[in-house]
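# Commentary on secondary and tertiary structure
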Amino acid sequence: MSEPDRRRGLALLRRRVHVVLDGGSHDRVARVVHRGLIGLVLLSVVSVIFESVPEYSDRYEDIFNLIEYVAVAAFTLEYVLRVWCAPEHTLYARRSPMAARLAFIASGWALIDLAAFLPFYLSFYFSADLRVFLMLRLLRFFKFARYSPGIRTLLAVIEAERKALLAWLIILFGAVLFFSTAMHIAEHEAQPEKFGTIPDAMWWAIETVTTVGYGEVIPLTLAGKLIASFAMVTGFLLLGLPVGILATAFAEEIHRREFVVTWTMVASVPLFRGLDAAGIAEIMRYLRAQSIPRGAMIVRKGDPAHSMYFIAEGEVEVALPHENVTLGEGQFFGEIAVLRKTSRTADVRATAATKLLILDAYDLQTLTKRNPEIGDAIREVAQSRSGFAPVERHGDIIEAELEEPAASEETDEA
């Protein structure tokens, strides 16, 4: 095998590994791998928990060791493969392979992946309390965040609102400092062992402001009781702030990522304007919506084609071999690769904040069977873009092209 062919084969393999590890729900192998890793994380965490029980540890030691060895081997392999295929990640696409790998290694997700297996290897070189390594092994629980869209969304919200949350923490610390100082002044003579210093009084202030109130430290003087009353009311107000901040930001993030497909949005697409109310209502069942930020990669050249896209709002740029084509509101792309069941032949990137309506390949086939006129319109656009021969059977246009890919090479966008 020649050197160019070998490099090309490695590039294709690396991209395939990236799709499997970071692909969506359309890739069957990716679904199996993700579910397997989730199951392994859950199994290993449960194993660590029961291993701490002496009677189980002695009786099932071999099983616990086997689970640990399998988990460590799988997580190590996953980490190595993720580092290797980091240049295929959209975030690092503009960097050199080495720079992309270094950036990935320094990322938060990579550190979580590293924490999933590193304690196992450290236990061979460092003598420490077994309980310390048990705690470190439980860090692999946080790998669930990688495979849970909800947790990833929550982390993104916390990152976006970090300044507001930091301001809240500063206010909270200020309140604790103020009330502990006030209580020290009011109670230090009546209870010198509990409020004799400001640090002593801070424990009372923290448990009062956070509304925990253990009750082992209480004020005795009238001034102390008044200060405690203000501290409790202030605590209620302060604890409500982060809840409101995160709840509002979380709702906005969900709305931004998965906005609702509305009647007006579907009717604004020229391809669907001629349909009656029943037709639009039926199409709304198949379409799913997604918001794409400016600059994000929507389709990558070489990836498998599972969907076609309608632009409800915004603008995208299709990177063809000889030119870049801009598509705007009401236009669609991705149909050619779906019809021919081939890989994407161009990169598509959002040049502005864009809202897409996504139609999966199977739903496209079902939709065109029920609405042949939509199939005709998509076929005509695909013909004009790529120049492949039309399919004669009017009612089964999409189905025929899905089953028998054209022999000519696709030259248009994804």
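In what follows, the structure referred to is the one given above.
The notes below deal with the structure included here. Given the structure is predicted, the values throughout are model-derived calculations rather than measurements.

This part is about a nonpolar patch on the surface. Nonpolar side chains collect at one region of the surface, where L42, V46, I49, F50 and L138 lie side by side and expose about 400 Å² of accessible area between them. For I49, the location among the structural elements is in helix α2 (residues 28–51). Assessed through its relative accessible area of 46%, I49 is described here as partly exposed.

What follows is about the sheet that holds strand β6 (residues 332–333). The sheet built from four strands is open, its strands ordered β1-β8-β3-β6 with antiparallel pairing. Since the sheet does not close on itself, it has two edges, and those belong to β1 (288–292) and β6, each with one partner. Where helix α17 (residues 361–370) meets the sheet, its contacts fall on β3 (307–313) and β8 (354–360), and the angle it forms with β8 comes to roughly 75°.

Looking now at the packing of helix α4 (residues 61–84) against helix α5 (residues 97–105). Running from N to C, α4 and α5 point in directions that differ by 140°, and their axes come no closer than 8 Å. Relative to α5, the element α4 lies oblique. Mapping the contact onto sequence places Y79, R82, V83 and W84 in α4 and R101, F104 and I105 in α5. Tallied by class, the residues present in the contact of α4 with α5 amount to five nonpolar, no polar and two charged.

A few words now on the pattern of salt bridges. Under the definition given, this model contains eight salt bridges. Among the ionic pairs, R15 bridges to E88, the shortest N-O distance being 3.3 Å. Here the residue R15 occupies a position in helix α1 (residues 3–22), and E88 occupies one in the loop between α4 and α5, the gap between them amounting to 73 residues. For E88, a relative accessible area of 6% corresponds to the buried category. One continuous salt-bridge network, built from bridges that share partners, spans E78, R82, D113 and K143.

Tallied over the entire structure, the rule returns 11 aromatic pairs. Considering the side-chain rings of Y309 and F333, the 5.1 Å spacing of their centres and the 15° angle between planes classify their relative orientation as stacked. Highlighted residues: Y309 in strand β3 and F333 in strand β6, separated in sequence by 24 residues. Classification of F333 by relative accessible area gives buried; the value is 0%. Ring-pair connections join several aromatic residues into one group, and the members of that group are Y69, Y79, F117, F120 and Y121.

A few words on the environment of R344. Structurally, R344 can be placed in the loop between α16 (335–340) and β7 (347–350). Note on R344: relative accessible area 5%, which makes it buried. Through-space distance from the C-alpha of R344 to that of G334 is 7.8 Å; in sequence the pair is 10 residues apart. A polar contact is formed between the side chain of R344 and the backbone oxygen of S307, at a distance of 2.5 Å. At 3.1 Å, the side chain of R344 and the backbone oxygen of G334 are in polar contact.

Let's shift gears to the sheet that holds strand β2 (residues 297–299). The antiparallel open sheet is built from four strands, whose spatial order is β2-β7-β4-β5. Pairing within the sheet leaves two strands with one partner each, and these edge strands are β2 and β5 (324–327). For this sheet the average axis-to-axis angle between neighbouring strands, irrespective of direction, equals 30°. Bridging between β2 and β7 involves two bridges; their strand directions are antiparallel. Within β7, the residue paired with V299 across the bridge is V348.

Attention now moves to the packing of α1 against α2. One can describe the packing of α1 onto α2 by two numbers: an axis separation of 7 Å at closest approach and a directional angle of 55°. Judged by the angle between their axes, α1 and α2 are oblique. For the element pair α1 and α2, the recorded crossing hand is right-handed. Seen from α1, the contacting residues are R16, V19, V20, L21 and D22; seen from α2, they are V29, A30, V33 and H34. Of the residues in the contact of α1 with α2, the class split is six nonpolar, one polar and two charged.

What counts and what doesn't
Think of each chain on its own: its residues are numbered from 1, step by step along the sequence as written. Owing to the predicted nature of the model, reporting of local features is limited to residues with pLDDT of at least 70; listing and counting of side-chain atom pairs is limited to 80 or more, with chain, interface and lining totals taken over all residues. In computing side-chain properties, one takes all heavy atoms of the structure into account and sets aside hydrogens as well as water. In this scheme, patches are assembled from residues that exceed 30% relative accessible area and form no salt bridge. Like charges are connected within 9 Å, while nonpolar side chains (Val, Leu, Ile, Met, Phe, Trp, Tyr) are connected within 5 Å. Here the Shrake-Rupley method, with its probe set to 1.4 Å, supplies the accessible areas, and only the displayed protein chains count as covering residues. We define a salt bridge as a contact between a side-chain nitrogen of Lys or Arg and a carboxyl oxygen of Asp or Glu at a distance within 4 Å. To qualify as a helix, a DSSP run of H or I must reach at least 4 residues; to qualify as a strand, a run of E must reach at least 2; elements of each kind are numbered from the N terminus. A 1.4 Å probe rolled over the protein chains alone gives each residue an accessible area, and that area as a share of the maximum for its type sets the label: buried under 20%, exposed over 50%, partly exposed in between. When DSSP locates at least two bridges between a pair of strands, those strands are taken to pair. Contact between two residues is taken to exist if any of their heavy atoms lie within 4.5 Å; hydrogens are not considered. Angular values range over 0 to 180 degrees, each being the angle between N-to-C directions of two axes fitted as lines to C-alpha atoms, with helices fitted over their stretch in contact. Under this scheme an angle from 65 to 115 degrees is roughly perpendicular, one under 35 degrees roughly parallel, and one over 145 degrees roughly antiparallel; angles in between are oblique. Gly falls in the polar group here, along with every residue not listed as nonpolar (Ala, Val, Leu, Ile, Met, Phe, Trp, Tyr, Cys, Pro) or charged (Asp, Glu, Lys, Arg). To pair, rings of Phe, Tyr and Trp, with the six-membered ring standing in for Trp, must have centres within 6.5 Å; the planes then decide the type, stacked if under 30 degrees apart, edge-to-face if over 60, and tilted in the middle. Any pair of nitrogen or oxygen atoms within 3.5 Å is treated as a polar contact; in protein, a donor-acceptor pairing is required on top of that, and neighbouring residues in sequence qualify only through side-chain atoms on both sides. Handedness of a crossing follows from how the near helix is turned relative to the far one, being left-handed for an anticlockwise turn of less than a right angle and right-handed for a clockwise one.

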